[in-house]
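Each chain, written out:
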Amino acid sequence: MVEVRAILTACLVIIAGQAVFSQSLKVGFGLIDEQRRFASQISLDTLIGYEQTNGSTDYPMPFISYQYPVSEKIQLNIGIQYHVSRIAFAVEYTSDSWPDHIPSIGKGWGTATRNIEIPLGGSYQLIGSEKVKLLLDLSAVPVFAIQDFEKLKIEPQGIDWTQEVIDVLNASETIPKSFYMNFQYGLSLEYKRFGLTLFRTNNINRSISNGYNLYGQDYTYQRRTQSTRLGLYYRFEFRKEKE
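Since the model is a prediction, treat every value here as computed from it, not as a measurement. Chains are numbered independently. Their residues run from 1 in the order of the written sequence. Since the coordinates come from a predicted model, pLDDT governs what is reported: local features require at least 70, and pairs of side-chain atoms require 80 or more to be given and counted, while whole-chain, interface and lining totals use all residues. Note that water and hydrogens are dropped before the side-chain values are worked out from all heavy atoms of the structure.

## Regarding the confidence of the model for the protein
Do not read the fine detail of predicted coordinates wherever pLDDT is low. As a reminder of what qualifies: Confidence of the predictor at the level of single residues is given by pLDDT, which spans 0 to 100. Helix and strand assignments come from DSSP, with helices taken as H or I runs of at least 4 residues and strands as E runs of at least 2, each series counted from the N terminus. By the convention used here, residues are in contact when the closest approach between their heavy atoms is within 4.5 Å.
Taken residue by residue, the protein gives an average pLDDT of 85. The fraction at 70 or more is 84%. When pLDDT is averaged over each element of the protein, strand β9 (residues 179-191) comes out on top at 97 and helix α1 (residues 2-20) at the bottom at 43. For the stretch residues 1-20, pLDDT sits under 50, and the model shows 10 contacts to residues farther than four places along the chain or on other chains.

And the structure:
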């Protein structure tokens with residue numbers, strides 16, 4: 001009975017809160033700078049395969065978020081974020097038969113995933129006035145990664161493009177995991193209904209890779225990422241606050 005009363009009391013508090021505080025929908029657009037925190041290497045005799053991690057990205061990310069207030073300063077939220085990310089996979093290989101002025105040759109390919117993210121979390125109002133608000137945001141984020149892989153179609157030719165090199169690059173298709181979890185945290189600054197949000201995203205999983213499979217053999221291949229995201233949004237209110 002005690003547990004039932006506690007649940008009923010919580011429900012009444014939430015329902016009562018909805019009579020006072022306005023629900024809202026945030027619609028926005030942002031950019032993602034993604035970095036690889038860790039990525040394995042694949043070693044095959046005279047060939048090494050690895051993910052290229054240098055450089056920054058600017059992946060576009062549209063997003064929406066439904067805000068469900070439970071008190072004057074706390075609100076729960078659920079949203080959808082979408083972006084495309086890429087795995088740039090490269091190989092370097094050599095041969096004892098090559099002349100000294102050609103120590104190694106490198107080639108690159110890779111794969112991409114269309115990521116649907118569903119942030120589930122809340123926000124806490126740090127500073128608030130009639131027009132300006134500063135919010136602390138924290139969410140757990142299930143990620144559904146739909147692979148968009150295009151096979152490298154090239155005929156073997158010379159020492160540059162051997163069949164093994166082509167197969168190793170195409171095997172990058174086996175790396176991405178189709179589902180994993182992230183967590184994100186950051187700050188949002190609102191002026192009236194316009195907002196600027198800056199947040200960081202990290203993997204909860206120890207690896208977001210399935211591994212690496214070539215010619216039916218599995219290789220350990222771990223990878224982790226983190227990203228910094230900057231976005232602008234507009235907040236639509238569904239219910240006005242009572243005077």
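There's plenty left to go through after this.
## A word on helix α2 (residues 163-170)
Counted only if it meets this: Each residue gets one of three labels from its accessible area relative to the maximum for its type: buried under 20%, exposed over 50%, partly exposed in between, using a 1.4 Å probe on protein chains only.
Looking at α2, one finds that the buried residues are V165, I166, V168, L169 and N170. The inward-facing, buried residues of α2 contact β2 (41-44), β3 (47-51), β5 (74-93), β6 (105-117) and β11 (212-214).

## Describing the pairing of β9
Quick note on the threshold: Between any two strands, pairing holds if DSSP finds at least two bridges.
Alternating positions in β9 separate cleanly, Y180, N182, Q184, G186, S188 and E190 being buried on one face and F179, M181, F183, Y185, L187, L189 and Y191 remaining unburied on the opposite face. As paired elements, strand β8 (residues 132-148) and β9 share 13 bridges and run antiparallel to each other. The residue of β9 that forms the bridge with P142 is M181. Sheet topology places β9 next to strand β10 (residues 194-203); 10 bridges connect them, and they run antiparallel. Counted as the bridge partner of Y185 is R200 from β10.

## Comments concerning the side chain of S65
The test is simple: In protein, a polar contact means a hydrogen-donor-capable atom and an acceptor-capable atom, both N or O and within 3.5 Å, with residues adjacent in sequence counting only if both atoms are side-chain atoms; elsewhere, any N or O pair within 3.5 Å suffices.
By secondary structure assignment, the location of S65 is in strand β4 (residues 59-69). Polar side-chain contacts of S65 include one of 2.6 Å to the side chain of Q67.

## Let's talk about a nonpolar patch on the surface
The test is simple: Here a patch means residues that are over 30% exposed by relative accessible area and free of salt bridges, tied together within 9 Å if like-charged and within 5 Å if nonpolar (Val, Leu, Ile, Met, Phe, Trp, Tyr). Residue-level accessible areas treat just the shown protein chains as cover; the underlying method is Shrake-Rupley with a 1.4 Å probe. One speaks of a salt bridge when a side-chain nitrogen belonging to Lys or Arg is within 4 Å of a carboxyl oxygen belonging to Asp or Glu.
A surface patch of nonpolar side chains, amounting to about 770 Å² of accessible area, comprises V27, I64, I80, I116, F144, I146, F179, F236 and F238. Position of F236 among the secondary structure elements: in strand β13 (residues 223-237). A relative accessible area of 39% means that F236 is categorised as partly exposed.

## Let's talk about the packing of aromatic side chains
Our working rule: Centres within 6.5 Å make a pair out of two Phe, Tyr or Trp rings, where for Trp the six-membered ring is used; the pair is then stacked when the planes are under 30 degrees apart, edge-to-face when over 60, and tilted otherwise.
Counted under the stated rule, the structure contains nine aromatic pairs. When the ring of F144 is compared with that of F179, the centres are 5.1 Å apart and the planes differ by 50°; the resulting orientation is tilted. Here F179 lies in strand β9 and F144 lies in strand β8, a separation of 35 residues in the sequence. Here F144 falls in the partly exposed class, since its relative accessible area comes to 37%. Note on F179: relative accessible area 37%, which makes it partly exposed. A ring pair is formed by F183 and Y185, whose centres lie 6.0 Å apart and whose planes are at 20°; its orientation type is stacked. Overall, Y185 belongs to the partly exposed group, its relative accessible area being 37%. An aromatic cluster is built from F89, Y212, Y219 and Y221, whose rings are joined through pairwise contacts.

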